[in-house]
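Here is what each chain is made of, one letter per residue.
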Amino acid sequence: MIRVLIVDDHPVVRNGLRGAFADLPDVEVAGEAGDGREGVAEAVRLGVDVVLMDLRMPVMDGVRAIAELARVAPAVRVLVLTTFDSESDVLPAVQAGATGYLLKDAPPEELIRAVRAAHRGESVLAPSAAEQLMGRVRRPTGLALSARELEVLRLVADGASNREVARQLFISEASIKTHLQHVYDKLDVRDRAAAVGEGYRRGLLR
C-alpha cells in the first residue's frame, strides 16, 4: 500500500485529489496539510511514502518544505503538483529534492501513474517541466568569462564599437565578434546592452 500525503492550501484541491485515489487498491491518502510546515510535520508523523506538494503556500512554501523533507525524511518521495511551470519554479523544486513535477491539469490517470512511479523512485516530469530543465542544461550559464572576454565586455560597456575594441586590443573585428558571442552565451543574453546590464548585475563591471 502506497501511503500518500496531500499538501495544498486549497481545501477544494485537496478534496479533489483525495477523490482521485478513493477507489485504488494500492494507494491510500493517509492525510492532508494546508502549508509546507504542516506538510513536513505530517509526513514524518504519518510515515507516508509519497507527498503531493503544491509550491506556493503560506507559512512555508513547497520548495522549502521539499528541502526540509529531504533532510528529516529522505525516504519520502515528493511529487510536485502545481499550476506553475516556469524555470524559476521547476528548477528550485528539483534541486531541493523533488522526485517528480506535474501540473494540476494532468488527467487523474496520469497523476495515479506518477504516484506509483515516484514510489518506485522514478522521476516523473510534465512535458513543460522537462523542457525547462533541458533548456537549462543546454545553456552554458554560470560559466566564468575569460580574461579576454572580460576585457571586451568592459570596453563595450565604455561605449566602444567593435572596431574600436579591436584596435585597442590589437586583434581583428572577427575575433571581437566571436568573443562577444561567447559573452552573450555565458551571461545568457542576446545583445550588447543586455550583456552590459548583466555584467553590472553580476559585479563584473564597476
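Residues numbered from 1 in each chain as written. Predicted model: local features only at pLDDT ≥ 70, side-chain atom pairs only at ≥ 80, totals over all residues. Heavy atoms only, no water.

Caption draft 1: Here's a closer look at the environment of Leu205. Along the chain, Leu205 falls in the segment after α10 (192-201). Distance in space between the C-alpha atoms of Leu205 and His179 is 17 Å, their sequence separation being 26 residues. When residues no more than four places from it in sequence are discounted, the contact partners of Leu205 are Leu153, Arg154, Ala157, Val196, Gly199 and Tyr200. (Helix = DSSP H or I, 4+ residues; strand = E, 2+ residues; numbered from the N terminus. Contact = heavy atoms within 4.5 Å.)

Caption draft 2: Here's a closer look at the packing of helix α8 (residues 162-169) against helix α9 (residues 173-187). Two elements in contact, α8 and α9, have axes whose closest approach is 8 Å; the angle formed by their N-to-C orientations is 105°. Classified by the angle their axes make, α8 and α9 are roughly perpendicular. When α8 is examined against α9, the residues Asn162, Arg163, Val165, Ala166 and Leu169 are found in contact with a partner set consisting of Glu173, Ile176, Lys177 and Leu180. When the residues that make up the contact of α8 with α9 are grouped by side-chain class, the tally is five nonpolar, one polar and three charged. (Axes fitted to C-alpha atoms, helices over the stretch in contact; angles between N-to-C directions. Parallel < 35°, antiparallel > 145°, perpendicular 65-115°, else oblique. Nonpolar A, V, L, I, M, F, W, Y, C, P; charged D, E, K, R; others polar.)

Caption draft 3: Representation of the nonpolar core within the structure. Of all hydrophobic cores here, the largest spans 46 residues; its most connected members are Phe21, Val51, Leu52, Met53, Leu111 and Val115. Discounting chain neighbours no more than four positions away, the residues touching Val115 are Ile2, Val4, Phe21, Val50, Leu52 and Leu79. Leu150, Val165, Ile176 and Val183 belong to the second-largest nonpolar core, a separate cluster that totals 19 residues. (Core = buried A, V, L, I, M, F, W, Y, C linked by side-chain atoms within 4.5 Å. Buried < 20%, exposed > 50% of the residue type's maximum accessible area, 1.4 Å probe, protein only.)

Caption draft 4: Representation of the environment of Arg206. Tracing the chain through its elements places Arg206 in the segment after α10. On the accessibility criterion, Arg206 (89% relative accessible area) is exposed. Once the C-alpha coordinates of Arg206 and Ala157 are considered, the two residues, 49 residues apart in sequence, prove to be 9.7 Å apart.

Caption draft 5: Representation of the packing of helix α7 (residues 147-157) against α8. Where α7 meets α8, the axes come as close as 10 Å, and the angle between the chain directions of the two elements is 130°. Judged by the inter-axis angle, α7 sits oblique to α8. Between α7 and α8 lies a crossing of right-handed hand. Residues Arg148, Glu151, Val152, Leu155 and Val156 of α7 lie in contact with α8, whose contacting residues are Val165, Gln168 and Leu169. (Left-handed = near helix turned anticlockwise from the far one by under 90°.)

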